[in-house]
Amino acid sequence: QAQLVESGGGLVQAGGSLRLSCAASTTIFDIAAMGWYRQAPGKQRELVARFTSGGMTDYADSVKGRFTISRDNTKTAVYLQMNSLKPEDTAVYYCNIRSYFGLTNDFWGQGTQVTVSS
């Protein structure tokens with residue numbers, strides 16, 4: 001079973017930048033999507049950005065123009081560059097890789113805390 005390991009979270013002032021990284025411990029086949037989600041206290045987990053199987057990207061409206069998702073060519077790592085951070089971006093960020101081969105299998109990272117101070 002592949003594990004996802006995240007890094008790059010931390011405390012930053014509003015307007016600052018952070019880069020999150022996520023690496024899979026082994027190759028995951030039949031990837032349907034790779035991306036990042038976040039969960040703020042008292043709120044549901046929400047999509048931040050992802051690659052779909054066709055290579056297209058989806059972004060939450062709240063992060064468009066500020067965040068950029070990227071991945072390596074082997075599709076074993078995915079990154080999130082976060083610029084112009086706002087206090088409302090404060091959350092635990094989770095990496096997700098979804099595979100599909102008849103059945104859906106979701107892999108999740110352990111989460112990394114991002115805190116943006118005003």
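Up top you'll find the structure we're talking about.
Residues numbered from 1 in each chain as written. Predicted model: local features only at pLDDT ≥ 70, side-chain atom pairs only at ≥ 80, totals over all residues. Heavy atoms only, no water.

1. Thoughts on the overall build of the protein chain
Then, in step 1: The number of helices and strands found in the protein chain is zero helices and eleven strands.
Then, in step 2: Counting helices and strands in the order they occur from the N terminus, the protein chain gives β-β-β-β-β-β-β-β-β-β-β.
Then, in step 3: The C-alpha radius of gyration computed for the protein chain amounts to 14 Å, which stays within 12% of the reference 13 Å derived for 118 residues, consistent with globular compactness.
Then, in step 4: Each principal axis of the C-alpha distribution contributes one length, and for the protein chain these read about 45 × 25 × 25 Å.
Then, in step 5: Counting all 118 residues of the protein chain, 36% fall into the buried class.
Then, in step 6: A separation of at least 24 residues holds for 54% of the contacts in the protein chain among residues at least 6 apart in sequence.
Then, in step 7: Distance between charge centres in the protein chain, computed from 11 positive and 9 negative side chains, equals 2 Å. (Helix = DSSP H or I, 4+ residues; strand = E, 2+ residues; numbered from the N terminus. Rg over C-alpha atoms; globule rule 2.2 N^0.38 Å. Buried < 20%, exposed > 50% of the residue type's maximum accessible area, 1.4 Å probe, protein only. Contact = heavy atoms within 4.5 Å. Lys, Arg positive; Asp, Glu negative; His and termini not counted. Charge placed at Lys NZ, Arg CZ, Asp CG, Glu CD.)

2. Looking at the pattern of salt bridges
Note on pairing: side chains with opposite charge can pair once their charged atoms come close.
Then, in step 1: Counting across every chain of the model gives six salt bridges.
Then, in step 2: Across the pair Asp 58 and Arg 50 runs a salt bridge whose closest N-O atoms are separated by 3.0 Å.
Then, in step 3: Accessibility expressed as a relative area gives 28% for Asp 58, which makes it partly exposed.
Then, in step 4: On the basis of relative accessibility, which here comes to 28%, the residue Arg 50 falls in the partly exposed class. (Salt bridge = Lys/Arg side-chain N within 4 Å of Asp/Glu carboxyl O.)

3. A short note on the side chain of Glu 6
Then, in step 1: For Glu 6, the position within the fold is in strand E1 (residues 4–7).
Then, in step 2: Although buried, Glu 6 forms no salt bridge, and the nearest oppositely charged side chain, Arg 45, lies 7.8 Å from it.
Then, in step 3: From its side chain, Glu 6 meets the backbone nitrogen of Thr 112 in a polar contact 3.3 Å long.
Then, in step 4: If sequence neighbours within four positions are ignored, Glu 6 has contacts with Ser 21, Cys 22, Trp 36, Tyr 93, Tyr 94, Cys 95, Gly 109, Gln 110, Gly 111 and Thr 112. (Polar contact = N/O pair within 3.5 Å; in protein donor to acceptor, adjacent residues only side chain to side chain.)

4. Details of the sheet that holds strand E3 (residues 18–24)
Then, in step 1: Overall, antiparallel pairing links the four strands, which are arranged E1-E3-E8-E7 in an open sheet. Since the sheet does not close on itself, it has two edges, and those belong to E1 and strand E7 (67–71), each with one partner. Put simply, the sheet's adjacent strands are angled 15 degrees from each other on average, direction ignored.
Then, in step 2: Relative to strand E8 (residues 77–82), E3 runs antiparallel, the two sharing six bridges. Within E8, the position partnered with Ala 23 by the bridge is Ala 77. (Pairing = 2+ DSSP bridges. Axes fitted to C-alpha atoms, helices over the stretch in contact; angles between N-to-C directions.)

5. A look at the pairing of strand E4 (residues 31–39)
Then, in step 1: Where E4 lies against strand E9 (residues 91–100), eight bridges are found, and the strand directions are antiparallel. Among the inter-strand pairings, Gln 39 is bridged to a residue of E9, identified as Val 92.
Then, in step 2: Relative to strand E5 (residues 46–52), E4 is paired through six bridges, and the arrangement is antiparallel. Residue pairing in the sheet places Arg 38 in a bridge with Glu 46 of E5.
Then, in step 3: Following E4, the chain reverses through six residues before pairing antiparallel with E5; Gly 42 in that reversal takes a positive phi of roughly 75 degrees.

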